Amino acid sequence: MAVKTITQPTSRPSRLQKIWKSMSIIFESRVATVGMSMVLFWVILAFISLFWTPHDPNASDFIQNQGPSIQNWLGTDHLGRDLLSRLMQGTQVILLKTRLPGDAGISIPGGVAIWGVIGSLTLGSVLGLNAGYRGGWWDQIIMQVLDALIAFPRIVLYLVVIAALGQGDLVVILAITITGAPGVARLARSLAMDIKTRDYIRAAETRGENVWYIMFREILPNARGPLLVDGMLRVGYAIFAIGTLGFLGIGLPPPDPDWGNMVNEARRNIFSNQLAVMWPALAIASLVIGLNLFADGLREEMTRYQK
Amino acid sequence: MARFIIRSIISTIITMLLVSISLFLLIEVGSGDITVKILGVFSTPEQRASYAAQLGLDAPAWQRYIDWLIGNDWRAKNKVGYPLVTSINPQTGEADWWADVDGQLTRWTLEEGRLLTLKRQDDGSTTSHISSGAWQIDEEGREYFWGVDVKNNAVMWVRGAGAEVWALTKAGLRKEGDGPMKYIPLRKGLLRGDPGISLQYGRPVAVTLVSRIRNTLVLAGAAFVIIMPLALFFGILAGINEGKPLDRIISITSLGFTATPEFVTGIFLILIFGVWLKVLPAVAIFTSADAIFEDPKLIALPVLTLTAVELGYIARMTRASMVEVMDSAYIRTAIIKGMPISRVVFKHAIRNALMAPITIIMLHVNWLVGGLVVVEVIFGYPGLGYYIYKSAIFGDFNAVEAAAMVTVAIAIITRLFGDLAYTLLNPRIRYS
């Protein structure tokens, strides 16, 4: 997705136009536009929360289980923490930062969901391209192993990986990578099998290019579109998964608030304070639905002219 | 066709084997020291080491994998020298291990340096005798004896050098002298229907698992019966009206439901029906084993949650397949030649359109299991998913492995059936 910095001044207008053209496909679909605005809402909130939240998200400054008031716009939770601040801060671990293990408290940019999807796209396309382009035994063995991975119910795999490696941002990324890779690999494989019959691949083979060069410089750029749309959908799945793990109590560790875990903690007080459980639940649902609508609209728009 | 079936079955078996190895390895790598969980953090290293030996954890990993898969009684049999058999204990209803000494079920125990032979009577009780002349002598001149102890282990005692072991009793850890030097916890192995002892509950996994599987099947079955007709109906309805407002409404609603995590849906259903309307129980607490049949209200909310999540997905699949079929040339021909639309839809389109969703549902069982874990945790429903969750959190590897293998087996076998059904229904694949 990285937009390359433009080096040659002469090519600037055409590049920009290209980017704009590929962006404008979003606005042609109403579904994608709605989805994108839902996602943008949370992304903007995430950036705001980096610099400002109404209150300290982890401080028990208020009376517990209060409804909305002027002071706490969304109310407070069972420990007297401001829900709006926690909700805002909760976007960071998903979208903006990954906390590295250790006491130093260092974070790298890019949320857990983003890195998880990048991981599964990378691993999946390496495996899928090898299987699809090389064929034969490579294909047999890679697909057999991936079949075994797919056979695992996802949640069981998450549970086993996290029970085995312990909680942590990197472990969640690893779990998302492992569970996402087989799907990406299947897609990449079918794309590679289709593309490898084209003439330019034949030409590259005749030139005597390296296998890896053909896979990553010839095939991958031409398979980019479907893989990126798939990746977009996967960000939705990843947030879905992070929420579920948080709900099960094995997701992203504290101190940063995690939406799934907020739902899990608040549901114990569901009879006295329904709002505390509703806000994070709504937040997860809206973000995942937004991403799904966006990816879905995009895919529909891209395949419309291919028929 | 026969070749295709055989190839699918072989591939399925290889997949299962790979899954079991990777599952075992994963748990092996990370599960840490399970004895800390069982004995508590205040146990001493000797106590942990002693208990780990009693669990057979001192054996190498490959050995334990084989034991887990196909059992170890055949290995222990060579050491003991008698055939090892299981017999149902009338008091607990669970199987105990015995050595079959010339038709007499026998165990041994070491008390105050004397080896006692316990012989099982027909009524289930035992008589003990002092056994003499049983000791054998090894190269170093020690007197040793391999036998079956009263805790279903094949053990090696050494005379005069009784090891001090820590036995876990209901009252806590107790130090015992005269302990065995080596343990082989007897098990038949997964393939022979014995996944071992649950470390969390202290009972055979097979016993605790069966009722959980039944509960889950009831839940999934009830959800399935509701989901299928509804999903197919809405999917077909949306498919025929492609692009119209009705299609938009159905598509977006089903996308919304699919994209909402199960626990969010579950929480909202609890809020609506359990907290505000107070018409349905918000948790599924089982007061007896057959509670679901006595009070079907208990599973109303779990079933509703599963329905909400799965309905959308299958409806979308059906819609996509229906749209594709409605676009095809033969449907256009039928419409152009003046056939009534209802006849076109019911006679020609639906049959072809349903093929894809039905096989996709077979592939979708994995997702269903994932949904089940979350739904069962939300409602505290004692099913397979909750069991996996609890066991994984505890690190009860015997239970996790067995339960996960059950889910994997269900997923793979339904997939095999899906593949076969698709090939049978679609001649184009069969002959290519």
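Residues numbered from 1 in each chain as written. Chains lettered and ligands numbered in written order. Predicted model: local features only at pLDDT ≥ 70, side-chain atom pairs only at ≥ 80, totals over all residues.

Asks: I'd like a description of the overall build of chain A, backed by residues and values.
Replies: Within chain A, the regular secondary structure consists of 12 helices and two strands. Start at the N end of chain A and walk to the C end: the helices and strands fall as α-α-α-β-β-α-α-α-α-α-α-α-α-α. With the C-alpha coordinates aligned to their principal axes, the bounding extent of chain A is approximately 75 × 50 × 40 Å. Sorting the 307 residues of chain A into buried and exposed places 50% on the buried side. Counting only contacts in chain A whose residues sit at least 6 apart along the sequence, the fraction spanning at least 24 positions is 64%. (Helix = DSSP H or I, 4+ residues; strand = E, 2+ residues; numbered from the N terminus. Buried ≥ 20, exposed ≤ 12 C-beta atoms within 10 Å, placed from the backbone. Contact = placed C-beta atoms within 7 Å.)

Asks: Describe the interface of chain A and chain B, listing the residues and the values that go with them.
Replies: Taken residue by residue, the interface counts 36 residues in chain A and 40 residues in chain B. Only helix 5 (136-151), helix 6 (154-165), helix 10 (224-247) and helix 12 (274-304) of chain A provide two or more residues apiece to the side of chain A that touches chain B. No other element matches helix 12 of chain A, which puts 10 residues into the side of chain A that touches chain B. Looking at the side of chain A that touches chain B residue by residue, the classes come out as 26 nonpolar, six polar and four charged. (Nonpolar A, V, L, I, M, F, W, Y, C, P; charged D, E, K, R; others polar.)

Asks: With reference to specific residues and values, describe the environment of Gln71 of chain A.
Replies: Relative to the assigned elements, Gln71 of chain A resides in the loop between helix 2 (30-51) and helix 3 (83-96). In the structure, Gln71 of chain A is positioned 49 residues away from Ser120 of chain A in sequence and 42 Å away in space, judged by C-alpha atoms.

Asks: Got a sec to walk through helix 11 (residues 329-336) of chain B? Specific residues and values, please.
Replies: The buried count for helix 11 of chain B comes to zero of eight residues, which makes it a mostly uncovered element. Downstream of helix 11 of chain B by one or two residues, Gly338 of chain B has phi in the positive range, about 95°.

Asks: Which residues make up the sheet that holds strand 7 (residues 143-148) of chain B, and what values go with them?
Replies: Residues and elements named next belong to chain B. Taken together, four strands build an open sheet; the order of strands is 6-7-8-11 and the sheet is antiparallel. The strands lining the two open edges of the sheet, one partner per strand, are strand 6 (136-137) and strand 11 (182-185). By the bridge criterion, five bridges tie strand 7 to strand 8 (residues 153-158) in an arrangement that is antiparallel. By the bridge assignment, Tyr144 is partnered in strand 8 with Val158. Strands strand 7, strand 8 and strand 11 of the sheet are contacted by helix 5 (residues 73-80), whose axis makes an angle of about 140° with strand 7. (Pairing = 2+ DSSP bridges. Axes fitted to C-alpha atoms, helices over the stretch in contact; angles between N-to-C directions.)

Asks: Give me the nonpolar core: which residues, what numbers.
Replies: Burial of nonpolar side chains together is a common tendency in soluble globular proteins. Core analysis: the biggest nonpolar cluster contains 171 residues, and Val160 and Ile239 of chain A together with Ile388 of chain B have the highest contact counts within it. No other element matches the 16 residues that helix 12 of chain A contributes to this core. Ile388 of chain B has contacts with Val156 and Leu159 of chain A together with Val373, Val400, Ala403 and Ala404 of chain B, leaving out every residue within four places of it along the chain. Core analysis: the next-biggest nonpolar cluster, separate from the first, contains 20 residues, Ala76, Val80, Ala99 and Leu118 of chain B among them. (Core = buried A, V, L, I, M, F, W, Y, C linked by C-beta atoms within 7 Å.)

Asks: Break down the packing of helix 13 (residues 365-379) of chain B against helix 15 (residues 397-425) of chain B for me, with residues and values.
Replies: Residue and element names in this part refer to chain B. Close contact between helix 13 and helix 15 brings their axes to 9 Å; oriented N to C, the two are set at 150°. Taken together, the axis directions place helix 13 and helix 15 in an arrangement best described as roughly antiparallel. Seen from helix 13, the contacting residues are Val365, Asn366 and Val369; seen from helix 15, they are Thr407, Ile410, Ala411 and Thr414. Tallied by class, the residues present in the contact of helix 13 with helix 15 amount to four nonpolar, three polar and no charged. (Parallel < 35°, antiparallel > 145°, perpendicular 65-115°, else oblique.)

Asks: Help me get a handle on the packing of helix 8 (residues 199-207) of chain A against helix 9 (residues 211-222) of chain A, residues and values and all.
Replies: Residues and elements named next belong to chain A. Running from N to C, helix 8 and helix 9 cross one another at 150°; their axes reach a closest spacing of 11 Å. Considering their axes alone, helix 8 and helix 9 lie roughly antiparallel with respect to each other. Seen along the crossing, helix 8 lies across helix 9 with a hand that is right-handed. Counted together, Tyr200, Ile201, Ala204 and Glu205 of helix 8 and Ile214, Glu218 and Ile219 of helix 9 form the full contact between these two elements. (Left-handed = near helix turned anticlockwise from the far one by under 90°.)

Asks: A description of the confidence of the model for chain A should follow, citing residues and the corresponding values.
Replies: Parts of the prediction with low pLDDT should not have their coordinates interpreted in detail. Mean pLDDT for chain A: 83, with 94% of residues reaching 70 or above. Looking over chain A, one finds the lowest element-wise mean pLDDT in helix 1 (residues 12-28) of chain A, namely 74, and the highest in helix 4 (residues 112-134) of chain A, namely 92. (pLDDT = per-residue confidence, 0-100.)

Asks: How would you explain the sheet that holds strand 3 (residues 104-111) of chain B if you had to name every residue and give the values?
Replies: All names here are of chain B. Sheet architecture is open: five strands sit in the order 1-2-3-4-5, paired in antiparallel fashion. At either end of the open sheet lies a strand with only one pairing partner, and these are strand 1 (84-88) and strand 5 (126-130). Taken over all neighbouring pairs, the strand axes of this sheet differ in orientation by 45° on average, direction set aside. Sheet analysis places strand 1 next to strand 2 (residues 95-101), joined by five bridges and oriented antiparallel.

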